[in-house]
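Remarks on the overall topology
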Amino acid sequence: MTGVQWMELGADCDAERPAAGPFILWHHDPDRDPKALPKLFEDWELETMHSHGWSRVPQEATPSSPLIPPGLPSRGRG
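Summary of the structure given here. (Residues numbered from 1 in each chain as written. Predicted model: local features only at pLDDT ≥ 70, side-chain atom pairs only at ≥ 80, totals over all residues. Heavy atoms only, no water.)

1. Focus on the packing of helix H2 (residues 20-28) against helix H3 (residues 37-51)
The relative placement of two packed helices is expressed as an angle between their axes plus a distance between the axes. Condition: Every axis in this analysis is a line fitted to C-alpha atoms, fitted for helices over the stretch in contact. Angles between the N-to-C directions lie between 0 and 180 degrees. Only DSSP runs of H or I covering at least 4 residues are called helices, and only runs of E covering at least 2 are called strands; the numbering of each starts at the N terminus. Angular relationships are summarised with four words: roughly parallel below 35 degrees, roughly antiparallel beyond 145, roughly perpendicular across 65 to 115, and oblique for the angles in between. Take the far helix as the reference: if the near one is turned anticlockwise from it by less than a right angle, the crossing is left-handed, and if turned clockwise, right-handed. In this description, contact between two residues means that some pair of their heavy atoms is separated by no more than 4.5 Å. Under the scheme applied, nonpolar residues are Ala, Val, Leu, Ile, Met, Phe, Trp, Tyr, Cys and Pro; charged residues are Asp, Glu, Lys and Arg; polar residues are all the others, including Gly.
Running from N to C, H2 and H3 point in directions that differ by 140°, and their axes come no closer than 8 Å. The angle between H2 and H3 falls in the class oblique. When you trace H2 past H3, the crossing you get is left-handed. Mapping the contact onto sequence places Ala-20, Pro-22, Phe-23 and Trp-26 in H2 and Leu-37, Leu-40, Phe-41, Trp-44 and Glu-47 in H3. When its residues are assigned to classes, the contact of H2 with H3 shows eight nonpolar, no polar and one charged.

Okay, here's the thing in C-alpha cells:
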C-alpha cells in the first residue's frame, strides 16, 4: 500500500467547511459557471490536504533547453 488516502467531498460532512461549502454549492447549482471550477477545486483540495497534515510542494520552474552549439547540423540533416 502507498499510504495515499482518497479525498472525498460529501455534502453531509463538508458543507460547513470554508472551501468545501462553496464547492458543493457550485456543484448543485444548475446555472454554475464552469470558469469558477479550477479555483473552487484548488481551494477544496488544499483545505483537504491541510486537514490530513499534507502540503503542496511548489513546482520548480522548467529549465530552458540548452542552445545548439554552432557548427552542429540540425537534426534530420547531415
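2. Points about the packing of aromatic side chains
Aromatic ring pairs: the centre-centre distance and the angle between the two ring planes describe each pair. Heads up, the condition is: Only Phe, Tyr and Trp rings take part, Trp by its six-membered ring, and two of them pair if their centres are within 6.5 Å. Stacked means planes under 30 degrees apart, edge-to-face means over 60, and tilted covers everything else. Accessible area is worked out with a 1.4 Å probe on protein chains only. A residue is then buried under 20% of its type maximum, exposed over 50%, and partly exposed in between. Charge-over-ring contacts are defined here by two conditions on Lys NZ or Arg CZ: a distance within 6 Å of the ring centre and an angle within 35 degrees of the ring normal.
Enumeration over the complete set of coordinates arrives at four aromatic pairs. For the pair Phe-23 and Trp-26, a centre-to-centre distance of 6.3 Å together with 35° between the ring planes defines the contact as tilted. In this pair, Phe-23 and Trp-26 both sit in helix H2, three residues apart, roughly one turn of the helix. Judged by relative accessible area, which is 9%, Phe-23 ranks as buried. Ring plane angle 55° and centroid distance 5.7 Å describe the contact between Phe-23 and Trp-44, whose orientation is recorded as tilted. Placement of Phe-23 in helix H2 and of Trp-44 in helix H3 is noted, with a sequence separation of 21 residues between them. With relative accessibility at 5%, the residue Trp-44 sits in the buried group. Among the aromatic residues, ring-to-ring pairing joins Phe-23, Trp-26, Phe-41 and Trp-44 into one connected group. Sitting over the ring of Trp-26, Arg-32 keeps its end group 5.1 Å from the ring centre.

3. So, H3
So the rule is basically this: Helix span is expected to be 1.5 Å times the residue number reduced by one.
Helix length check: H3 (15 residues) gives 21 Å between terminal C-alpha atoms against 21 Å at 1.5 Å per residue, within 8%. Here H3 has its buried residues at Leu-40, Trp-44, Glu-45, Glu-47, Thr-48 and Met-49. In this structure, the buried side of H3 is in contact with H2. Gly-53 sits one or two residues past H3 and shows a positive phi near 85°.

4. A closer look at the nonpolar core
What counts, and what does not: As used here, the term nonpolar core means buried Ala, Val, Leu, Ile, Met, Phe, Trp, Tyr and Cys residues forming a set that is joined through side-chain atoms within 4.5 Å.
Counting residues in each nonpolar core, the largest one holds five residues, listed as Ala-20, Phe-23, Trp-26, Leu-40 and Trp-44. Counting residues per element, the ones that place at least two in this core are H2 and H3. It is H2 that provides the largest number of residues to this core, a total of three residues. Residue contacts for Trp-26: discarding those within four places in its chain leaves Arg-32, Asp-33, Pro-34, Ala-36, Leu-37 and Leu-40.

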